[in-house]
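Given next are the chains, with one letter for each unit.
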Amino acid sequence: MVVRREQGQAVLEYILILAMVVSLAVVLAAALPELGLGNRMIRPVKEEFARAYRYGHIQAKGPDEDDGPSMHPRIRESFRIFVRPEPQ
(Lines give C-alpha, C1' and ligand atoms only; values in the text may rest on other atoms or scores of the structure.)
Protein backbone atom coordinates (compact mmCIF):
# COMPACT_ATOMS: atom_id res chain seq x y z
CA MET A 1 0.00 0.00 0.00
CA VAL A 2 1.32 3.43 -1.04
CA VAL A 3 0.92 6.26 1.47
CA ARG A 4 0.78 9.76 -0.05
CA ARG A 5 1.72 12.79 1.92
CA GLU A 6 -0.65 15.63 1.13
CA GLN A 7 0.40 17.99 3.88
CA GLY A 8 1.20 20.96 1.66
CA GLN A 9 -1.82 20.71 -0.63
CA ALA A 10 -3.92 23.32 1.19
CA VAL A 11 -1.04 25.78 1.32
CA LEU A 12 -0.38 25.30 -2.38
CA GLU A 13 -4.08 25.90 -3.18
CA TYR A 14 -4.10 29.11 -1.12
CA ILE A 15 -1.00 30.34 -2.90
CA LEU A 16 -2.55 29.65 -6.32
CA ILE A 17 -5.79 31.43 -5.38
CA LEU A 18 -3.81 34.37 -3.99
CA ALA A 19 -1.82 34.55 -7.23
CA MET A 20 -5.05 34.67 -9.26
CA VAL A 21 -6.55 37.41 -7.05
CA VAL A 22 -3.38 39.51 -7.21
CA SER A 23 -3.14 39.16 -10.99
CA LEU A 24 -6.79 40.18 -11.35
CA ALA A 25 -6.16 43.24 -9.15
CA VAL A 26 -3.12 44.20 -11.24
CA VAL A 27 -5.10 43.88 -14.48
CA LEU A 28 -7.95 46.00 -13.07
CA ALA A 29 -5.53 48.63 -11.76
CA ALA A 30 -3.94 48.86 -15.20
CA ALA A 31 -7.35 49.13 -16.90
CA LEU A 32 -8.71 51.90 -14.63
CA PRO A 33 -7.04 54.84 -16.41
CA GLU A 34 -7.79 53.49 -19.89
CA LEU A 35 -11.50 52.91 -19.27
CA GLY A 36 -12.02 56.04 -17.20
CA LEU A 37 -13.65 54.13 -14.36
CA GLY A 38 -12.08 56.39 -11.77
CA ASN A 39 -13.78 59.45 -13.27
CA ARG A 40 -17.08 57.60 -13.51
CA MET A 41 -16.93 56.60 -9.86
CA ILE A 42 -15.93 60.05 -8.57
CA ARG A 43 -18.43 62.04 -10.72
CA PRO A 44 -21.40 61.64 -8.35
CA VAL A 45 -19.31 62.93 -5.46
CA LYS A 46 -17.93 65.90 -7.37
CA GLU A 47 -21.12 66.95 -9.16
CA GLU A 48 -24.33 65.46 -7.81
CA PHE A 49 -23.47 65.41 -4.11
CA ALA A 50 -21.97 68.90 -4.34
CA ARG A 51 -25.13 70.24 -5.99
CA ALA A 52 -27.36 68.52 -3.48
CA TYR A 53 -25.32 70.00 -0.64
CA ARG A 54 -25.11 73.48 -2.16
CA TYR A 55 -28.56 73.92 -3.72
CA GLY A 56 -30.69 71.16 -2.18
CA HIS A 57 -31.26 69.26 -5.43
CA ILE A 58 -28.93 67.19 -7.63
CA GLN A 59 -30.19 68.77 -10.86
CA ALA A 60 -30.03 72.36 -9.64
CA LYS A 61 -27.51 74.75 -11.19
CA GLY A 62 -26.29 78.03 -9.84
CA PRO A 63 -25.70 81.36 -11.55
CA ASP A 64 -21.96 80.71 -11.74
CA GLU A 65 -22.37 77.58 -13.91
CA ASP A 66 -22.35 77.46 -17.71
CA ASP A 67 -26.07 77.07 -18.36
CA GLY A 68 -27.03 79.66 -15.79
CA PRO A 69 -29.36 79.08 -12.87
CA SER A 70 -31.96 76.37 -13.19
CA MET A 71 -33.96 74.60 -10.53
CA HIS A 72 -32.35 76.92 -8.00
CA PRO A 73 -34.40 77.35 -4.80
CA ARG A 74 -33.88 81.13 -4.58
CA ILE A 75 -34.72 81.89 -8.18
CA ARG A 76 -38.40 82.06 -9.10
CA GLU A 77 -39.24 79.05 -11.24
CA SER A 78 -41.58 76.14 -10.95
CA PHE A 79 -39.15 74.41 -8.63
CA ARG A 80 -40.10 73.10 -5.22
CA ILE A 81 -37.63 72.05 -2.60
CA PHE A 82 -39.94 69.55 -0.95
CA VAL A 83 -41.15 66.51 -2.82
CA ARG A 84 -44.48 66.32 -1.00
CA PRO A 85 -45.44 69.79 0.21
CA GLU A 86 -48.14 70.16 2.84
CA PRO A 87 -51.54 71.28 1.51
CA GLN A 88 -52.19 74.97 2.08
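Keep in mind the model is a prediction, meaning the values are calculated, not measured.

Peer 1: How do you make sense of helix α2 (residues 37–55) when you look at a structure like this?
Peer 2: For an α-helix, 3.6 residues make a turn, and residues three or four places apart therefore share a direction. Over its 19 residues, α2 extends 27 Å from the first C-alpha to the last, a length consistent with the 27 Å expected when each residue adds 1.5 Å. Roughly 35° is the biggest bend found in α2, and it falls at Arg-43, with proline Pro-44 one to four residues downstream. A positive phi of about 90° marks Gly-56, the residue just after α2.

Peer 1: Would you take a moment to explain the pattern of salt bridges for this structure?
Peer 2: Once the charged atoms of two side chains with opposite charge are near each other, the side chains can pair. All chains considered together, the criterion is met by two salt bridges. Here Arg-43 ties to Glu-48 by a salt bridge, and the two come within 3.2 Å at their closest N and O atoms. The class of Arg-43 is partly exposed, set by a relative accessible area of 39%. In this structure Glu-48 comes out as partly exposed when scored by relative accessible area, which is 29%. One connected set of salt bridges, linked through shared partners, spans Arg-43, Glu-47 and Glu-48.

Calculation rules
- Residues numbered from 1 in each chain as written.
- Predicted model: local features only at pLDDT ≥ 70, side-chain atom pairs only at ≥ 80, totals over all residues.
- Heavy atoms only, no water.
- Helix = DSSP H or I, 4+ residues; strand = E, 2+ residues; numbered from the N terminus.
- Expected span 1.5 Å × (residues − 1).
- Bend = angle between axes of the 7 residues up to and from the residue.
- Salt bridge = Lys/Arg side-chain N within 4 Å of Asp/Glu carboxyl O.
- Buried < 20%, exposed > 50% of the residue type's maximum accessible area, 1.4 Å probe, protein only.

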